[in-house]
Amino acid sequence: MSFGETVLLGALAGSTIFLGLPFARLRLLGKRTRIGLAMFAVGVLAFLFVDVMSHGFTIVEDAVNAYKDGNGSFGHAAWLALMLGAGFAFGSAGLAVVESRIRPPKPPPIAGGAAELTVDEARALEEQAAAHARARALRTGMTIAAAIGLHNFAEGLAIGVSASTGEISLATVLIIGFALHNATEGFGIVGPLGDVQPSWRWVIVAGIIGGGPTFLGSIVGYNVSSSAMELLFYAVSGGAILYVIGEVWNGMRRFGHRELGLWLLSLGFFVGIATDLIVAYGGG
C-alpha cells in the first residue's frame, strides 16, 4: 500500500468521528435520552480504557518476555514499565491539574442572601451560573475529544506500520475497524454535554482533535516504527480516559435514572467490544 493510499484511508478512518458529533446540535432530545446518551458514552469510554491499557501492557510484557528469553535487556523493560506508569499519571492526575487551572471561577456568593436581590440582579446571577455550567460542559467534551485523539493517534500508528510492512489485508481491516470505532467515539464526546448545544465551530474543532490524530498517526507509523512511542500514547490516553469517565459519571449521578444509565453504559461497552472484534478478526 502506497504512502498516499495509507494517508487517505487513515483520514477516512478518523473522519467517521463526525457521524456522532452532530447529535450535540439536536434540540429534540429529552432529559432521559440525553442521560442515556451520556451513559452510553461512558460505556464506550470504559471499553476504550480497557483497550488502550491492554495494548500498553502488552508492549511492556513483550519486553519482559524478551529479557527472560535473553533477547532483550532489563533496562529496556524497566524503562517501558516506567513510561507506562508515568504516562498514565500524566494523563489522569496531570489532566486534573490542568483542568483545575483553566476552570472559570464560580459565581461569587450572594451578599445578604437571595431575598435582597432585585429581579434584574437575580436574572443576571442566573445567566452567570448558566454560562459557568455551559463552559464546564463544553470543556469536558473537548477534554474527552483530546483523550480520544491520543488513543486514535496510536491506532493510526498501527495502520501506518501495517501498510508500510506490506500487510495489506491487516491494514485494510484495521482501517474498517477503527472507522467503526471512531463513529461511536463521536457519541462519547457529545454525550456528557447534556442540554448544552455547542456551536458548529465547536463540533468541527472537537472532531478534528478527536479524529485527526488517526490521520497523523498513519503518516508517522508509515515512516517510523516505535513501540515506545506507541506505548506512551496508550498510557497517556488511558489515564485521560479514566479521568474523563470519573468526571462524566459524577455529573450524571445528579440527574437520576440510575438503572437506565447503567443499562446504556453496558450497551456502550458492548458496542465497543463489537467494533473491536472486527480489528481482532483481521489479526490487529
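Residues numbered from 1 in each chain as written. Predicted model: local features only at pLDDT ≥ 70, side-chain atom pairs only at ≥ 80, totals over all residues. Heavy atoms only, no water.

Draft legend 1. Spotlight on the overall build of the protein chain. The helix and strand tally for the protein chain stands at eight helices and zero strands. Helices and strands appear in the protein chain in the N-to-C order α-α-α-α-α-α-α-α. Roughly 14100 Å² of accessible area belongs to the protein chain as shown, and the carbon and sulfur atoms make up 68% of that amount. (Helix = DSSP H or I, 4+ residues; strand = E, 2+ residues; numbered from the N terminus. Areas by Shrake-Rupley, 256 points an atom, 1.4 Å probe, with all protein chains shown as cover.)

Draft legend 2. Summary view of helix 6 (residues 200–223). Taking 1.5 Å per residue as the helical rise, helix 6 with its 24 residues ought to reach 34 Å, and the 34 Å between its terminal C-alpha atoms agrees with that figure. Buried residues of helix 6: W202, V203, A206, G207, G210, G211, P213, T214, G217, S218 and G221, and no others. (Expected span 1.5 Å × (residues − 1). Buried < 20%, exposed > 50% of the residue type's maximum accessible area, 1.4 Å probe, protein only.)

Draft legend 3. Layout of the nonpolar core. By size, the foremost hydrophobic cluster in this structure holds 33 residues, and its most contacted members are L45, I144, I148, I189, V190, L193 and W202. In terms of residue count, helix 2 (residues 31–68) provides more of this core than any other element does, nine residues in total. Excluding residues within four positions of it along the chain, V190 makes contact with G20, L21, A24 and L37. If you look at the next biggest cluster of nonpolar residues, it comprises 13 residues, including I59, A63, L80 and A235. (Core = buried A, V, L, I, M, F, W, Y, C linked by side-chain atoms within 4.5 Å. Contact = heavy atoms within 4.5 Å.)

Draft legend 4. Up close: the environment of A228. Its place among the elements puts A228 in helix 7 (residues 227–253). On the accessibility criterion, A228 (23% relative accessible area) is partly exposed. As for A228 and M83, which are separated by 145 residues in sequence, their C-alpha atoms are 8.2 Å apart. If we ignore the near neighbours within four places in the chain, the residues touching A228 are L80 and M83.

Draft legend 5. Seen up close, the side chain of S92. In this fold, S92 is placed in helix 3 (residues 74–102). Polar contacts involving the side chain of S92 include one to the main-chain carbonyl oxygen of F88, which spans 2.9 Å. Setting aside anything within four residues of it in sequence, one finds S92 in contact with G239, A240 and Y243. (Polar contact = N/O pair within 3.5 Å; in protein donor to acceptor, adjacent residues only side chain to side chain.)

Draft legend 6. Examining the packing of helix 1 (residues 3–15) against helix 6 more closely. Relative to each other, helix 1 and helix 6 sit at 155°, their axes nearing to 7 Å. Classified by the angle their axes make, helix 1 and helix 6 are roughly antiparallel. Crossing of helix 1 over helix 6 shows right-handed handedness. In contact with F3, T6, V7, G10, A11, A13 and G14 of helix 1, helix 6 contributes G211, T214, F215, S218, I219, Y222 and N223. (Axes fitted to C-alpha atoms, helices over the stretch in contact; angles between N-to-C directions. Parallel < 35°, antiparallel > 145°, perpendicular 65-115°, else oblique. Left-handed = near helix turned anticlockwise from the far one by under 90°.)

Draft legend 7. Examining the environment of R136 more closely. Following the sequence through the fold, R136 ends up in helix 4 (residues 119–164). Separated by 57 residues in sequence, R136 and L193 have C-alpha atoms that sit 9.1 Å apart.

Draft legend 8. Representation of the confidence of the model for the protein chain in the model. The predicted model of the protein chain averages 76 in pLDDT, with 76% of residues at 70 or higher. Taken element by element, the protein chain is modelled with least confidence in helix 5 (residues 168–190), mean pLDDT 66, and with most confidence in helix 6, mean pLDDT 87. (pLDDT = per-residue confidence, 0-100.)

Draft legend 9. Fine view of a nonpolar patch on the surface. The grouping of F18, I204 and I208 at the surface amounts to a nonpolar patch, some 260 Å² of accessible area in total. Here I208 is to be found in helix 6. (Patch = residues over 30% accessible without salt bridge, like charges linked within 9 Å, V, L, I, M, F, W, Y side chains within 5 Å. Salt bridge = Lys/Arg side-chain N within 4 Å of Asp/Glu carboxyl O.)

Draft legend 10. Representation of the environment of A41. Residue placement: A41 occurs in helix 2. According to the relative accessible area criterion, A41 is buried, its value standing at 0%.

Draft legend 11. Molecular detail of helix 1. Taking 1.5 Å per residue as the helical rise, helix 1 with its 13 residues ought to reach 18 Å, and the 18 Å between its terminal C-alpha atoms agrees with that figure. Along helix 1, the residues classified as buried are T6, V7, G10, A13 and G14. Relative to the axis of helix 1, the buried residues are bounded by an arc of 125° and lie together on one face. (Arc of directions from axis to C-beta.)

Draft legend 12. Focus on the side chain of T143. Among the secondary structure elements, T143 is positioned in helix 4. Here the side chain of T143 touches R139 through a polar contact of 2.8 Å, landing on its backbone oxygen. Leaving out residues up to four positions away in the same chain, T143 has contacts with L95 and V244.

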